[in-house]
Amino acid sequence: MSTRALRRLKGKQRGQEALDLGELTLGESPEEQADEAEEEHFNPADASPSSDNTGSTRKGKKNKAQKNFTNIYELIGDPDYEGEKVSADEEADKPDKNVTGGTGINDKQTENQVQMCDGVSSKSADRVKKKKKKKKTKVASKDGEEASSDNIDLLLENLEQSNGVSLQNEDCGGFDRRSMLHVEHRNLNPETELKRYFGARAVLGDLRPRQRNRHFHRSTWMTSPKDSWPRFARPGISMTLLETKDGIQYFTFEHSRDYQHVQFKFLDAVESMDPNNIVALLQLNPYHIDSLLQLSDVCRIQEDQEMARDLIERALFSFECAFHPLFSLTSGSSRLDYLRPENRAFFLALYKHMMFLEKRGCPRTALEYCKFILSLDPDSDPLCMLLVIDFLALRSREYKYLLQIYQEWEEHRNLSQLPNFAFSTALCHFHLSQQEDVDADERAKLRQEANQILQNALIMFPGVLMPLLDLCTVQADTAVTSHSFFGIKNQIGQLPALAELTALYVGRTYNLWREAPVMLWLEESVKEVLRRVDAKDPLVEDCQNKRKQRYQSAPRNIHRHVLLSEIKEATSSLPLEVTTQPVMGFDPLPPLDSVMSYARPERQNAGASNESTLSLFFRSLLPNFNLQGGPRLEDEMEVARAGQELNQEVNRLMVAMRDMLANIRFQEPPREDNPYRDEEEWD
């Protein structure tokens, strides 16, 4: 049989044999060369047929050193196969009975192949003898390979720790933020949650996978591109890695020169106060971020929720296509600075998308986006996601996660001083005590903890009770309404910052308290609180002093969160310095210490000194007249202000006309006293 056929029989191909450092020797001893020459000229026909034990030993050695590979390419770079080759050499020094006993099914499978040609088994035995002579050299090379592999593993481990890719927990200020801010990829897709509720057929319908995303080839996690979207072209947004510090990577978005010009046009369109200008800008630049955010707000005000959500998803898709290769959605170690205007649009797009998901009935997906927004800047929390994360955790029934983040972050963030966490943790313990899979002792313990936490929350924030009962359409008992602790006087005396937080929590979560078991539990706790107040519990006075000291004014990020939430109970409690200034949907309440990478060029007003008398006359008749034919540069802020004043005057005129028409009284004709007078009777 030829050498090529023998290699095929063994499952090998030319060039696939592992390189052996032991064979790369400069020379061999004359004794070894003579032995090898004798082995090469050895005739298998001269072997004694009665040596069955030797033949079985050779078969066992062959089968020990060779696997039954169905695919010849499995031998390429297979570390298991390399290890088995060395083990076969080690077993070659063992007695024949051990080798023979070690052969099993492989002997039976290869017996027919060995008998196909005389001399195949003897040649394989000769090669095993060669390997026995070079065993020490191969073992030494094996040790060198293991040492090099250990060094490579050590280098990779150090590299992961330096880049922050390792998923091991770090000591970040005494508590583990990564476990709390870790995001799962599969939970970022709302279809995953909808399939769990309604099934895949109800969500996808008869739409086949090959019919979806046929115009887009890029795989994204946050949104799924739609066929109705314009063809994607990079709008000029990119992401840059600024630095890596303590395993945390700091990124920022950057705008190209062309994108900056489009941004300037967008600001001009916003100042014109005409949404049609933004629509015209989007037709030319369909993936401009701020235009998509602003037009989404316009569509939402016009109650076109589907279009508003679609515009936000398009903005997120544009952002995700610009991600840095090292930017991670799930690890919780990627940071973005809200002080940079280029990064704010990403925060706002994620927040608006989160709220659309919650209204759509996907609270679990919305919770993942909430954690992702919080992970981008957990220290400053520019959008104050800690005011909404408890609500989403309760909606998605992630009770253990809510309790875990409260226990681990309480020491550093004082979460108990927020009304939402004070009441939501109590409600969380109550729901856990109502689960059927909890034993009786654990259920009683959870119920007792829920009662204690709720009573402390009512003592610390008594202004929550009456607005909560009003929104739940529950008539409070006279003993509660007449008591000074929960009465109207105590509510009026609340500090503005505390009133803002209270109204925000009540307006957002009142539906969670409408359930009958929850309302009965609340009633029992309120009675116990009144008893403790009448008994002069020292905790009551302590909480009163804390309210006076801690809630003097709210920070700017809380005001920004209230504006984005659009809860009317909370927006009505905003201070005047917030309500009197203009608020833009694409950048509400920007930070006072913003880091500007580029500035908008100032517009130059056209002077009137070089204009003739005739041009001034025509301009007095037609304000838009320009003798030179070019565009006249005006101060658009003054034009917008003049248009606003004109609208106000027209509204006042309309109101005056309505009042005048409402006060007009027509004098009725005099009626005679005779009711029986015939109308057809002549005078």
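Cut-off values and rules
- Residues numbered from 1 in each chain as written.
- Predicted model: local features only at pLDDT ≥ 70, side-chain atom pairs only at ≥ 80, totals over all residues.
- Heavy atoms only, no water.
- Axes fitted to C-alpha atoms, helices over the stretch in contact; angles between N-to-C directions.
- Helix = DSSP H or I, 4+ residues; strand = E, 2+ residues; numbered from the N terminus.
- Parallel < 35°, antiparallel > 145°, perpendicular 65-115°, else oblique.
- Left-handed = near helix turned anticlockwise from the far one by under 90°.
- Contact = heavy atoms within 4.5 Å.
- Nonpolar A, V, L, I, M, F, W, Y, C, P; charged D, E, K, R; others polar.
- Pairing = 2+ DSSP bridges.
- Buried < 20%, exposed > 50% of the residue type's maximum accessible area, 1.4 Å probe, protein only.
- Lys, Arg positive; Asp, Glu negative; His and termini not counted.
- Salt bridge = Lys/Arg side-chain N within 4 Å of Asp/Glu carboxyl O.
- Core = buried A, V, L, I, M, F, W, Y, C linked by side-chain atoms within 4.5 Å.
- Domains from an automatic or database assignment.
- Phe/Tyr/Trp six-rings, centres within 6.5 Å; stacked < 30°, edge-to-face > 60°.
- Lys NZ or Arg CZ within 6 Å of the ring centre and 35° of its normal.
- Expected span 1.5 Å × (residues − 1).

As recorded in an unreviewed UniProt entry, the protein goes by the name Transcription factor 25 (basic helix-loop-helix), listed as coming from Oryzias latipes.

> Help me understand the packing of helix α13 (residues 275–284) against helix α14 (residues 289–301), please; the structure alone is not making it clear to me.
The relative placement of two packed helices is expressed as an angle between their axes plus a distance between the axes. Axis separation between α13 and α14 bottoms out at 10 Å; the angle between their running directions is 135°. Between α13 and α14, the interaxial angle falls into the category oblique. Between α13 and α14 lies a crossing of left-handed hand. Every residue of α14 that contacts α13 at Pro275, Ile278, Val279, Leu281 and Leu282 is listed here: Ser291, Leu292, Gln294, Leu295 and Val298. Residues that form the contact of α13 with α14 fall into these classes: eight nonpolar, two polar and no charged.

> I keep staring at the sheet that holds strand β3 (residues 334–336) and nothing clicks. Help me out?
Across a sheet, paired strands are connected by hydrogen bonds in the backbone, their directions being either parallel or antiparallel. Pairing is mixed in the open sheet, where three strands are placed in the order β1-β2-β3. Because the sheet does not close on itself, it has two edges, and the strands there are β1 (237–245) and β3. Averaged over all adjacent pairs, the angle separating strand axes in this sheet is 35°, with direction ignored. As defined by bridge partners, β1 adjoins strand β2 (residues 248–255) across eight bridges and the pair is classed as antiparallel. Along β2, the bridge assignment pairs Met239 with Phe253. Across the sheet, helix α16 (residues 341–360) lies against β2 and β3, angled at about 105° from β2, the strand it touches most.

> What am I meant to see in the side chain of Arg314 here?
As for its placement among the helices and strands, Arg314 is situated in helix α15 (residues 305–320). Buried Arg314, no salt bridge; nearest opposite-charge side chain is Asp310, N-O distance 4.2 Å.

> Help me understand the nonpolar core in this model?
Side chains of nonpolar character tend, in soluble globular proteins, to be buried together. Ranked by size, the top nonpolar core spans 130 residues in total, and within it Phe327, Phe346, Met354, Phe423, Trp513 and Leu522 carry the most contacts. By residue number, the principal contributor to this core is α16, which donates eleven residues. Shared between two domains, this core holds at least three residues of each, these being domain 1 (190–200 + 223–382) and domain 2 (384–553). With near-sequence residues (within four places) excluded, Trp513 lies in contact with Phe423, Leu427, Leu454, Leu468, Cys472, Tyr505, Val518, Met519, Trp521 and Leu522.

> What exactly am I supposed to notice about the packing of aromatic side chains here?
Going through the model one piece at a time under the given rule, you end up with 22 aromatic pairs. Relative to Phe486, the ring of Phe485 has its centre 5.0 Å away and its plane inclined at 85°; by these criteria the two rings are edge-to-face. As far as burial versus exposure is concerned, Phe485 and Phe486 are alike and both buried. Taken together, Phe251, Phe253, Phe319, Phe323, Phe327, Phe346 and Phe372 form an aromatic cluster joined through their ring pairs. The ring of Tyr197 has Arg196 lying over it, and the distance from NZ or CZ to the ring centre is 5.9 Å. Of note, Arg344 hangs over the ring of Tyr338, and the distance from its end group to the ring centre comes to 5.9 Å.

> Explain helix α17 (residues 363–376) to me, please; I cannot follow it from the model alone.
Because an α-helix completes one turn every 3.6 residues, residues spaced three or four positions apart along the sequence face the same direction. For α17, with 14 residues, the first-to-last C-alpha span of 20 Å sits near the 20 Å given by 1.5 Å per residue. With 14 of its 14 residues buried, α17 lies for the most part within the structure.

> Explain the pattern of salt bridges to me, please; I cannot follow it from the model alone.
One pass over the structure, following the stated rule, counts 19 salt bridges. Notably, a salt bridge pairs Glu368 with Arg364, separated by 2.3 Å at the nearest N-O pair. One end of the pair, Glu368, and the other, Arg364, are both in helix α17, four residues apart, so they sit about a helical turn from each other. Three or more residues are tied together by salt bridges with common partners; here these are Asp297, Arg300, Lys352 and Glu566.

> Before we go on, may I ask you to explain the environment of Ile289 in this structure?
Summarising the element assignment, Ile289 is placed in helix α14. Classification of Ile289 by relative accessible area gives buried; the value is 1%. The residues contacting Ile289, other than those within four sequence positions of it, are Ile237, Tyr259, Ala315, Ser318, Phe319 and Ala345.

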